[in-house]
Amino acid sequence: MNETFSINLKDVKQDLLLGIIECNKRGLAQSVKWLSELNHGLTDVSVSLGGKSFENLHTGITEEEYDVYVLSKSYFDVREYDRSAYFTRNCTSPVPRFLHMYATYMAKEKKRLDNMSDSSIVNANSHLKDFSELLATLRAEYGQRKLDGYCMWLYGVILKKLDLTQMAVQVFVDAVNAEPTLWGAWLELAPLVTDKTMLLNLKLPNHWMKQIFVGYTYIELFLNDEGIKIFEHLQAAGFGKCIFVPTQLAIGFSNKRDVDKSIEIFRQLHEEDPFRLDNLDSYSNLLFVKEMKTEMAHLAHRAVDINKYSAETCCVVGNYYSIRADHHKAVVYFQRALKLNPRYLSAWTLMGHEFMEMKNTNAAIQSYRQAIEVNRRDFRAWYGLGQAYEILKMPFYSLHYYKAAQQLRPYDSRMLVALGETYEKLDKGDNALKCYQKAYNVGDIEGVALYNLARLYERREEIEKAIPAFLRYCSDEKAVADKSSLCHAYLTLGSFYEKHEQFDKASHFAYKCLEYEESKREAEALLKTIANKRSEKAANAAAAAKETPSTSGKEKTTDMDLEEVEMDESNVGRMVHMVMSQDDMLVENDEPEFQLEQGVDDISALSIIMEHGSDGNE
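Treat the numbers as computed from the prediction; the structure is a model and nothing was measured.

Mean pLDDT over the protein works out to 83, with 84% of the residues at or above the 70 mark. Ranking the elements of the protein by mean pLDDT puts helix H31 (residues 559–563) last, at 37, and helix H18 (residues 311–323) first, at 96. Confidence over residues 551–618 falls short of pLDDT 50; this stretch has 114 contacts with residues more than four positions distant or in other chains.

Of all hydrophobic cores here, the largest spans 183 residues; its most connected members are Trp153, Leu202, Trp208, Phe213 and Phe239. The element best represented in this core is helix H8 (residues 149–161), accounting for 9 residues. Residues in contact with Trp153, not counting those within four places in the same chain, are Leu28, Phe98, Tyr102, Phe172, Ala175, Leu182, Gly184, Ala185 and Glu188.

In the numbering adopted here, UniProt assigns the feature "repeat: TPR" (unreviewed entry) to residues 311–344, 345–378 and 413–446. Structurally, residues 311–344 is divided into 79% helix and 0% strand, and its ends, taken at the C-alpha atoms, are 8 Å apart. Between the C-alpha atoms that bound residues 345–378 there is a distance of 8 Å. The span itself is 79% helix and 0% strand.

Moving on, we come to the packing of helix H6 (residues 94–114) against H8. Contact geometry of H6 with H8 gives a least axis separation of 10 Å together with a crossing angle of 25 degrees. Of the possible angle classes, the one that applies to H6 and H8 is roughly parallel. Seen along the crossing, H6 lies across H8 with a hand that is left-handed. The segment H6 lies against H8, with Phe98, Met101, Tyr102, Tyr105, Glu109 and Arg112 engaging Tyr150, Cys151, Trp153, Leu154, Val157, Ile158 and Lys161. Taken together, the residues of the contact of H6 with H8 break down into 10 nonpolar, no polar and 3 charged.

What follows deals with the layout of surface pockets. Within this model, the second largest pocket holds a volume of roughly 490 Å³. If you go around the second largest pocket, you meet 18 residues; those closest to its centre are Phe222, Asn224, Arg409, Pro410 and Tyr411. Those elements that provide at least two residues to the lining of the second largest pocket are helix H13 (224–239) and helix H23 (395–408). A per-element tally of the lining of the second largest pocket places H13 first, with 3 residues. The residue makeup of the lining of the second largest pocket, split by class, is 7 nonpolar, 4 polar and 7 charged.

In this section: H6. Over its 21 residues, H6 extends 30 Å from the first C-alpha to the last, a length consistent with the 30 Å expected when each residue adds 1.5 Å. All of the buried residues along H6 are Val95, Pro96, Phe98, Leu99, His100, Met101, Tyr102, Ala103, Tyr105, Ala107, Glu109 and Arg112. Looking at the buried side of H6, the elements it contacts are helix H1 (9–25), helix H4 (63–77), helix H5 (81–87), helix H7 (132–143) and H8.

Attention shifts here to the packing of aromatic side chains. As enumerated under the stated definition, the model contains 32 aromatic pairs in all. With centroids separated by 5.2 Å and ring planes inclined at 65 degrees, the aromatic side chains of Phe76 and Tyr81 adopt a geometry described as edge-to-face. With a relative accessible area of 6%, Phe76 lands in the buried category. Members of the aromatic cluster, joined through ring pairs, are Phe76, Tyr81, Phe98, Tyr102, Tyr150 and Trp153. If you follow Arg26 out to its NZ or CZ, it ends over the ring of Tyr150, 4.0 Å from the centre.

This next bit is on the environment of Lys403. Within the secondary structure layout, Lys403 lies in helix H23. It is 8.7 Å that separates the C-alpha atoms of Lys403 and Tyr383, two residues lying 20 residues apart in sequence.

This part is about the packing of helix H15 (residues 259–272) against helix H16 (residues 280–289). Their axes nearest at 10 Å, the elements H15 and H16 cross at an angle of 135 degrees. Our classification of the angle between H15 and H16 gives oblique. Here H15 and H16 pass one another in a crossing that is left-handed. Within the contact between the two elements, H15 uses Val259, Ser262, Ile263, Phe266, Arg267 and His270 and H16 uses Leu280, Ser282, Tyr283, Leu286, Leu287 and Val289. Considered class by class, the residues forming the contact of H15 with H16 number 8 nonpolar, 3 polar and 1 charged.

This next bit is on unusual backbone geometry. Positive phi, normally seen in glycine, also occurs at Asn279, with a value near 65 degrees. Considering the arrangement of structural elements, one finds Asn279 in the loop between H15 and H16. Given the relative accessible area of 23%, Asn279 is considered partly exposed. Of note, Glu501 is a non-glycine position whose phi angle comes to about 60 degrees, a positive value. Mapped onto the elements, Glu501 comes out in the loop between helix H28 (483–499) and helix H29 (503–513).

Right, let's get into the state of the cysteines. What the rule picks out here adds up to 0 disulfides. Among the cysteines around Cys314, which has no disulfide bond, Cys315 carries the closest sulfur, lying 8.6 Å off.

This part takes up H4. The end-to-end C-alpha separation of H4 is 21 Å, in line with the 21 Å expected for 15 residues at 1.5 Å each. Along its length, H4 reaches its greatest deviation from straightness, about 25 degrees, at Tyr69. For H4, the complete set of buried residues consists of Glu65, Tyr69, Ser72, Lys73, Tyr75 and Phe76. In the stretch just after H4, Arg79 is the one whose phi turns positive, near 65 degrees.

Definitions and limits used
- Residues numbered from 1 in each chain as written.
- Predicted model: local features only at pLDDT ≥ 70, side-chain atom pairs only at ≥ 80, totals over all residues.
- Heavy atoms only, no water.
- pLDDT = per-residue confidence, 0-100.
- Helix = DSSP H or I, 4+ residues; strand = E, 2+ residues; numbered from the N terminus.
- Contact = heavy atoms within 4.5 Å.
- Core = buried A, V, L, I, M, F, W, Y, C linked by side-chain atoms within 4.5 Å.
- Buried < 20%, exposed > 50% of the residue type's maximum accessible area, 1.4 Å probe, protein only.
- UniProt positions renumbered as here; feature names shortened; annotations may be inferred.
- Axes fitted to C-alpha atoms, helices over the stretch in contact; angles between N-to-C directions.
- Parallel < 35°, antiparallel > 145°, perpendicular 65-115°, else oblique.
- Left-handed = near helix turned anticlockwise from the far one by under 90°.
- Nonpolar A, V, L, I, M, F, W, Y, C, P; charged D, E, K, R; others polar.
- 1 Å grid on protein atoms, 1.4 Å probe; cavity = no way out; pocket = protein on both sides within 12 Å on 5 of 7 lines; lining within 4 Å.
- Points joined across faces, edges and corners; volume = space filled by probe spheres on them.
- Expected span 1.5 Å × (residues − 1).
- Phe/Tyr/Trp six-rings, centres within 6.5 Å; stacked < 30°, edge-to-face > 60°.
- Lys NZ or Arg CZ within 6 Å of the ring centre and 35° of its normal.
- Disulfide = S-S within 2.5 Å.
- Bend = angle between axes of the 7 residues up to and from the residue.

The following block contains the structure:
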């Protein structure tokens, strides 16, 4: 699906105009909005206004039913769904027939949301019996192949609510083949695609909309490079002014942790369309990550001015209170967002984070679980659940949720480090070592993988493997945020070299420890031990020289010689090579379900570390 593709923009524009008219007739407002934004981005492309699309303004509606349809559509537009369904109950032509079924569905949904006493329930299955009659009708007509693409979309939506995922996927595929410009069907299908293989095997229409869907789904699957490539190609093909395309690029770059580039795109979009609220929560999240409090304040005020009763606005304001550490107010605004849209993913996840900050672990778990109900690919919710159960000292539960998060983000070191720490608590050291090694390989975001690796080797009394990891960890001390771990690494290195009588190295690390208050006493004791051993070694050397005068003409080893020895790890390196050659590849017998991603080499502690030259001293 990544092959190059060519697009005729005149055909695209004609399809968009036709799709806008057909969706508008049926009350599919969100699809109309999306198609209209895409169409507006193609203003430079001219098509005949008397073309095919305008001939379809009244197709699908018989003359006898036209008056009833107009009345019913007017009720639907003002959200009087029961009245709309009632007046079209006997209609048989395609558009009024769809409007009847859609109005019936919307009436049931509106009643369910209005009667929902607890906003913490997303998938209450008790309401599903309300759809039984509508479902039976749609199932029968689908089996007889009487449904058009729009009715198939509605059938798929109900199947999805019933968690009949496999059937829903097939129905949505049939819907997009029948009506390729029905964006709602593509949008419902995307979350049901579990991996790249499934995406490639879907029997999708050979239509330009397929490329947009594939790019969108790649980014949903966190296959960001593939998604970015498709949307960049669409930009070059003429969709550069279509606001959806740069928005998806911004989300893709955000997923890749290229925060600055993502913020830059969102700023440009905000300048071009200053009253747009879509994806404003994603922009707010990026500003939160960069701790840009002033910009967040401006964005929150702007969103409130546009529409204070929008779910996106409530989410942006919640983020603003969160960065100010006013977690109670943040929760209030996330709850408001969920009252407006109970399936608003960002609000569930962010509210879980706020409850974690407030030490309300049970409420956080409930919020994260609802986020997963909305979208099982939300790695933040899985990771949050892992953290919550870690606080509750339930490592087996943590392991399950961290594994799910790691599978969604296989190259995110934070997931791997969390997984490794949980394996440590469960006394599965070999698995923990693999996690820390891979976390370092993929780029350690938090800078703790090497330290955890070294500490684990130290606990396993494999100090020769720990030393190279500690050395590399200390090589860039400015990048280390946790100074207590840095002190521990310095002390361990100093003690190791003191035992091996490499006094220059030992002194170097001991003096480093003197810079920190918490390790000053241990450092002073270590320096005293080094001085005593040096004096003893010098005295022994002098005594040996007196007893063997024949060696007086030869070069003697003095304290000055020892001080001139260049710091290196060659001897340590040889010892580690001998040990690691026996167990370089860790075998995982008790956890066969946990496998590292192919293409990432499992590394030994030494091969991560040793980059210094060797002059073979001592």
